[in-house]
Every structure is written in C-alpha cells, then in structure tokens.
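Breakdown of the fold
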Amino acid sequence: MESSTRRSFYSAAIAGLGGLMTAALAAPAAAYLLIRPKSQKQSDFVPAADLSQLTVGKPEEVVFRRTRVDGWRVLNEKSTAWVLRKDDQKVIAYAPQCTHLGCAYHWDEKENNFLCPCHTSTFSIDGKVLSGPAPRPLDRFVTKIDQGKILIGTEIQRA
Amino acid sequence: MKMLRGVIDWLEERTGIESGIKHFLYEDVPASAGWHQVLGSVAMFAFLTQVFTGILLALNYAPTPGEAYNSLRYIVTELTAGQLIRGLHHWGASLMIIVVVLHLMQVLIWGAYKKPREATWMVGCFLLLITLAFGLTGYLLPWDNRAYWGTVVTTQIAALPPVAGPYVLRLLGSDGGSIGAITFARFYAAHVLLLPPLTMLLIAIHVFLVRRHGVTPIPQDADLPKKKFYPEQVFKDTVATFIWFAVLVTMAVAVRVPLGHVADPTDTSYIPRPEWYFLFLFQMLKAFQGPLEIVGAVILPTLAILALFLAPFIDRGTALRVRERTGAIALVVFAIIGWSALTARAIATTPPSTEDPDAGLALVEAWQELPADQLAAIGAFRKDNCGNCHVIGKSGPGPDLTRAASQRPTDWLIQHFKQPAPGIATQLKNPELRGLVSFVTKRTDAGVKAWPSAPQAAVEGAMVYQASQCTACHKLNGVGMETGPPLNGVADHRNREWLEGHFADPQKFSPGSTMPAYKLSSHDLDRLTGYIMQIPK
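Residues numbered from 1 in each chain as written. Chains lettered and ligands numbered in written order. Predicted model: local features only at pLDDT ≥ 70, side-chain atom pairs only at ≥ 80, totals over all residues.

Our next topic: the overall build of chain A. Tallying secondary structure elements over chain A gives one helix and ten strands in all. If you list the helices and strands of chain A from N to C, you get α-β-β-β-β-β-β-β-β-β-β. The globule rule puts the C-alpha radius of gyration for 159 residues at 15 Å, and the 26 Å found for chain A is more than 25% above it. A burial count over chain A gives 19% of its 159 residues as buried. Across chain A, the fraction of contacts at a sequence separation of at least 24, relative to all contacts at a separation of at least 6, is 39%. (Helix = DSSP H or I, 4+ residues; strand = E, 2+ residues; numbered from the N terminus. Rg over C-alpha atoms; globule rule 2.2 N^0.38 Å. Buried ≥ 20, exposed ≤ 12 C-beta atoms within 10 Å, placed from the backbone. Contact = placed C-beta atoms within 7 Å.)

Here is the structure:
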C-alpha cells in the first residue's frame, strides 16, 4: 500500500488538473454564449412618415421598413409603430407591443384608448396604463423630425 | 460537511451511486500498469471535449448549405471566443485521431488483443472507423470551397465499388455525383445524430469489456501483488489528459482554422485536398489508374481494415514480453514509415493554392470593395491568360504586375494587350482594353489583393456589369452615376428573384423606372445577380 502522503498528492493533483480543464472549457463557453455579438449595435433612424400626414391628437399606425440584423442575417422587414402627433414639432412613436406579454394592441376609436386584445390592458393616449395587467406604460421608439419627415430609431425607451 | 455526508448517504441508500463509483475506482490493475495504458482515457476525454465544443457550435449554426457558411462566419467573426471554440473542435478532431491511433498501436505492440480480449479489440476497431467517419462528415460542414471539393472527391471514391457504388452514392444523398442540400443534410445528421450515440454505446461496451477482462497483464505480473486503479493510475491518466488538453488549447489559440470562400460548384481552379489524416489514401490512389483504381480505392483499404479486425485470430501465439514482440513492432514501424512517406509525397505534390485560406474570416473581402471596372479588368486579365507570362507574386517571362504599377504609355499597353507576343492575338474588346490599361497603371491596394483571390464567379459578374454599362446610371463602390439607385448593399432589401426579374423587365418590378430591359443569358444573369448581391453596404 502506498503512503498516505503520496495518495493525498495523487488525489489533489487529479482534482486540481481536472478542475483546471473544466474551467478552461467553461470560461470560453460562458463568454461565447453570454456576451453580445461584436458589431451591429449602431443605432439607425429610418423615415417612417410625413409629419403633415398625421392629425394632432390622433394616433396612427405607421408601417415602415427597416434593416434588422438577425444573427448572421441582415433582414429588411416591415415594422410598425403607433405614432401620435402632439403638436407641430413633437411626435411620440409607441412600440407596437403591449408591455404585459408582447401582444399587438390597437387604438380603440370609440373608447379613446389603446386596447390590448390578449388580457384587455388599456392605455391612455399618453401611453399610461388605465386598466388591466400591464406593468408599465407603453414603450416608445426614439424619434427625430427632419424637414417634415418623422424618423424612427432602433432604440426603444421604457417610459 | 455533515450535511453533505447526509446527502451522499441518502443518495447511496436509494441509488447505490457511491458504492458504484468506488467499485469503478478501486478496480484491481496489474502491477505493471502505468504510463503506457493512459491513452484510452485520453481518447475518451478527447471525445467528451468534441461533444462539448460541438454542442456549443451547433447552438449558433444553421445546417443548410449557404447558411452554414454564413453562420460559421458569424461564429468566428462576431462571437466572443467563437474562433477559440471552433479551433478546439477542429484541432480536437485531429488530436483525437492521433490519440486513437496511438492507443491502437500500444495495444498492438503489447499484444493486448489476445484471448480473451478479442471482442474488446474489435469494438475498438469500430471506434477507430467511427472516429474517421466523424472527420469525414464534419469536413463538409463549414461549406467553404475546401469542404465542398474535398467531399466531392470522397463521394466519388465511395461511388467506385461495382454494383454497390450507385447505392452508396444515393445513401450519401449525392445521386448522380453532385453535392447539395441532401448530401449536406445526410452528413450533418450522421455527424450529430447518428455517430455520437453510436460512439457512446461502443465506448460503454469497450469499457465494460476492459473491466470484465481486466487491464492486460504482462507475463511477469503473475508473481506480483495487484494495485488499485485509484489513485495512482487515475493520476497518470489525468496527467496525460492534461498534456493532451494543453496541446489542444495551444493549437486552438495559436493556429487559426481556415475558412475560405463559400463553396462554389462552378469554380474550376480549386485544388481539393482531404484532411491530413486521409492524405495517404489520396496519394495511394495516384498509383492505381484506370481499371486498377478500384484496387487502391476499395480493395486495399477493405483488406487492411479486415486484417486489423482479425488481428487476434491471425496472431494466436501466447503472450510475450514487449521486447520480444518484434513482429508487432516491425508492423507498426512499417505502417508509420509508409504512412509518413505517402503523406509527405502528397504534401510535396500539392501545388500552392491561389485561394486565400482565410478569405471567409475577413468581414469584407478586398474584391467586394473594388469598383466594378477594376474587378472586370481582373477578369480580362484572367480571360486572356495574361497570367501565363505575368505570374502573380513571381517574376515569370513578363514582369509581376502586382509588385509595381506599369510605367508604359497607353498606346504601347493597348498594342501589347491586343498582341502580347508575335503571332498571338487576344479577344479583348475596346472597353476591356481601356479598363485593363487603367487597372495596370493605377492599381490600388485592394486591386492587388483581389487580383489572385477574387472568386471567378464574381469577376465574371463584374465583367457582365461593365459590358451592360450599369455604371452609366448606378453607383457601386464609389464609381458610377446616380441616375438610378446606388447598388451597395442592395441584397439588404432585394432578394435574388426580384433582381433577376427586374433585369428582364424593370417596369414590372418598379413602376415608373426608366431602366431599359436587359436580355442576358441565364449564365450572365446568374453571375451579375450573384456579384451585385455580394457588394456590401
């Protein structure tokens, strides 16, 4: 039988080397899965509508095309926003998903509020929650107005 | 500590896991066991590493032709540690083959295949073949030129056996010899669905059989007391595994795994080569030509594999000391020499590739940033075989034009391009002549880089682009008018069908367009569309 110091050296070396190899595989794996892809983080404004098309105080569903990076693919796809013209120089563009579970909501002309058909959350014209399970007001796209055109950015802000 | 003991006791009582592990670790091994028996454990760890890195790659990989290449490019250029993970998987495969073959040689030299261990040996032989099958199927998955053309050769060899050949080909999804979506699906499914569980099953049987018969003793062991597997032998296995792993990580960090251009079935210039461990077979095939080809491609390899499987029945002698096993040692030495000679010869006779092996690793390649007239000039240069005299990167009969811009006057150049040597006339048209003059006198860095490396399909596309005078209305890479929309990044919002339809009938696709219709041959249409779609934003 070997001496006990020798045995404990063997055991410690096995655990040490094994741990080292496990860590050397786990660390890059975690970085690979958890760190965001390098590029594709630039924000981008695309023209969505003319300011003159919108009536002050009446939200409109605006459809526009934007380029979106999806993994290794670059997609040019349809995108929508509920755009509210506040006055001559100010618009709000609501992101089209309900803040509860992401269903598409719409403007209810009769009730004068936004209604989500999934769990009947309702939002005021300013995006505030009026009723239902929605946890926070409607999210907004960043917007710019340039020479009478409404530009919608990629970034979404929580109200 | 006490709580941990409690948990272990609870588990032990219900599952027997602790006594199971102890039973596994405190196995008796002969007194002679030692460093020469670590290779099986290393091979098993190598396999587990491949499983781990393979799963990581699969989490970001789209297994269809075309998409496969793009997603792999995404992994190695966009993701943190993506290059490293691919490196671990790629070099891990090569190092696994080395370990498995060393393991086989050790067993062969020590005569560990002898009665009663014949079944262990044969299962091991199956595992060797599966390891090679992993290499063969994984080779296609990057879907670059190397992968594509290497697999073309493989499937053609598989088609050689009489009678069975066409069926084997059909099984590989390569009916008629072409490689496409079905071949890709078959190779991918084999690589990730079929082979891994089969390997696990065979490893389990292999290890079970090793345990059943025990580690092979040598004749002197009869008089010595046995040792336990844990901790001494486990320690040696772990150290060997660690050395293997350190080599793997070093290679994955230091040696970049190539990714060439996306697979191009129409590329006639690519020189296919198999992975290094198959080069000897590739070289051997050169010695068997015509009707003898089947001998080198099918009969000899089959006989060799058969002989390997039947080794325990061919060598029935009683166990000997290692030093007395001269026959086995001679066989191994002979195999190593033969393999090395064939591999060295194959490497020596491989002409240097004109393809940039790392083309796919750059985010944008040089040719994609080149104005169309310059790329078309490269096409004119290639079309009229100017490279026969003006060898790129070397001085040949004519000067190497990539080294310095030509100082000759325009008239001289035009005359030279029309008639490069007495009695030789070229087919170049006037615009091509002017493009070539401008290219060789005002060459740019991107032009020099793209000269040898631009894919032929794109070059042909640029020639169609120039001949159709697209520049008169469209801007591309900074050159051309802006009457029509600029074409950089057009693939971001138009697909191939749209573009092809649009060339034939512009008004149908964009009402009000002033663009004339182009009647292009289907080849030219394909090249032009492919070219324009690859020009980035």
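This next bit is on the interface of chain A and chain B. In this assembly, 25 residues from chain A lie in contact with 25 residues from chain B. Elements that contribute at least two residues to the side of chain A that touches chain B include exactly helix 1 (4-34) and strand 3 (73-85) of chain A. At 15 residues, helix 1 of chain A tops the list of elements feeding residues into the side of chain A that touches chain B. Of the residues in the side of chain A that touches chain B, the class split is 16 nonpolar, six polar and three charged. (Nonpolar A, V, L, I, M, F, W, Y, C, P; charged D, E, K, R; others polar.)

With domains assigned, chain B is organised as domain 1 (33-264) and domain 2 (364-533). The gap between the C-alpha centroids of domain 1 of chain B and domain 2 of chain B is 44 Å. (Domains from an automatic or database assignment.)

Moving on to the sheet that holds strand 5 (residues 106-108) of chain A. Strand pairing within a sheet occurs via backbone hydrogen bonds; the two strands may be parallel or antiparallel. Spatially, 5-6-7-8 (chain A) is the arrangement adopted by the four strands of the open sheet, whose pairing is antiparallel. Lying at the two open borders of the sheet, with one neighbouring strand each, are strand 5 and strand 8 (129-131) of chain A. (Pairing = 2+ DSSP bridges.)

Here chain A is partitioned into domain 1 (1-35) and domain 2 (46-157). Here the C-alpha centroids of domain 1 of chain A and domain 2 of chain A sit 53 Å apart.

This part is about the environment of A:Met21. Along the chain, A:Met21 turns up in helix 1. Judged by the 20 C-beta atoms lying within 10 Å of it, A:Met21 falls in the buried class. For the pair formed by A:Met21 and A:Phe123, sequence separation is 102 residues and the distance between their alpha carbons is 54 Å. Those residues in contact with A:Met21 that lie beyond four places of it in its chain are B:Phe242 and B:Phe245.

Counting 56 residues, the largest nonpolar core has B:Val42, B:Ala43, B:Ala46, B:Met96, B:Val99 and B:Trp143 as its most contacted members. Of all the secondary-structure elements, those providing two or more residues to this core are helix 1 of chain A together with helix 3 (39-58), helix 4 (67-78), helix 5 (82-110), helix 6 (118-140), helix 7 (145-158), helix 9 (181-213) and helix 10 (229-254) of chain B. The element best represented in this core is helix 5 of chain B, accounting for 14 residues. Not counting residues up to four positions away in its chain, the partners in contact with B:Trp143 are B:Pro65, B:Ala68, B:Tyr69, B:Tyr148, B:Val262 and B:Ala263. (Core = buried A, V, L, I, M, F, W, Y, C linked by C-beta atoms within 7 Å.)

Residue and element names in this part refer to chain B. It is the contact of helix 19 (residues 456-467) with helix 22 (residues 522-533), at a shortest axis distance of 7 Å, that shows an interaxial angle of 100 degrees. Taken as axis vectors, helix 19 and helix 22 run roughly perpendicular relative to one another. When helix 19 is examined against helix 22, the residues Ala457, Ala458, Glu460, Gly461, Ala462, Val464 and Tyr465 are found in contact with a partner set consisting of Asp524, Arg527, Leu528, Gly530 and Tyr531. (Axes fitted to C-alpha atoms, helices over the stretch in contact; angles between N-to-C directions. Parallel < 35°, antiparallel > 145°, perpendicular 65-115°, else oblique.)

Quick look at the packing of helix 5 of chain B against helix 10 of chain B now. Residue and element names in this part refer to chain B. At a minimum axis separation of 8 Å, helix 5 and helix 10 run at an interaxial angle of 135 degrees. Taken as axis vectors, helix 5 and helix 10 run oblique relative to one another. Crossing of helix 5 against helix 10: the hand is right-handed. Two secondary-structure elements touch here, helix 5 through Leu84, Gly87, Leu88, Trp91, Gly92, Leu95 and Val99 and helix 10 through Trp244, Val247, Leu248, Met251, Ala252 and Val253. (Left-handed = near helix turned anticlockwise from the far one by under 90°.)

With that out of the way, let us pick up the environment of B:Asp175. All names here are of chain B. Mapped onto the secondary structure, Asp175 falls in the loop between helix 8 (165-171) and helix 9. Judged by C-beta crowding, with 13 C-beta atoms within 10 Å, Asp175 ranks as partly exposed. In contact with Asp175, not counting residues within four places along its chain, are Leu169 and Arg170.

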